[in-house]
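Summary of the model geometry
Take a look at the letters that make up each chain.
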Amino acid sequence: MQVAQQIRDILTTEFAPEKLEIIDDSSKHAGHSGADPRGESHFSVLVVSKKFDGENRVNRQRLVYTALDQLLKDRVHALALKTMTPAEYAAALTRQ
C-alpha cells in the first residue's frame, strides 16, 4: 500500500476529518538528507476535525504524530501539518 494511502486510512480512522488533504512533497526533496529513493517520504497534510475542539496547536499535532507513529519511524521523514477545527477552517475560507 502506498504511504499516502496509509496516512489517509489512519487519519480517517482516528479523526473522522471533515476535510483531509495529503500532498506528497517528496519530489521537492530528492537528493536531500532523509529523502527516500522509493519516494513518499515528505508530506504536507491538512486535517480538519471536530476532535481538535479545545486542543491547542501543539496538542493537535501531537495527536496526529501519535496516530502516525509507526509510519514516522519507518517511512516518513518529514510531515508538515495544518490541524484545524471545522469552525477555524470555515473562518479561514471566508477570509480568502
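Scroll up to find the structure this text is about.
Residues numbered from 1 in each chain as written. Predicted model: local features only at pLDDT ≥ 70, side-chain atom pairs only at ≥ 80, totals over all residues. Heavy atoms only, no water.

Quick notes on the sheet that holds strand β2 (residues 42-48)
Strands belonging to one sheet form pairs held by backbone hydrogen bonds; the direction of such a pair is parallel or antiparallel. Here 3 strands make up an open sheet; going across it, the order is β1-β2-β3 and the pairing mixed. A single partner strand is all that each edge strand has here, and the edge strands are β1 (19-24) and β3 (78-84). Strand-to-strand, the axes of this sheet are offset by a mean angle of 10 degrees, without reference to chain direction. Relative to β2, β1 is paired through 6 bridges, and the arrangement is antiparallel. Following the sheet pairing, Glu 21 is matched in β2 by Leu 46. Helix-sheet contacts for helix α4 (residues 86-95) involve β1, β2 and β3, and the interaxial angle to β3 is about 90 degrees. (Pairing = 2+ DSSP bridges. Helix = DSSP H or I, 4+ residues; strand = E, 2+ residues; numbered from the N terminus. Axes fitted to C-alpha atoms, helices over the stretch in contact; angles between N-to-C directions. Contact = heavy atoms within 4.5 Å.)

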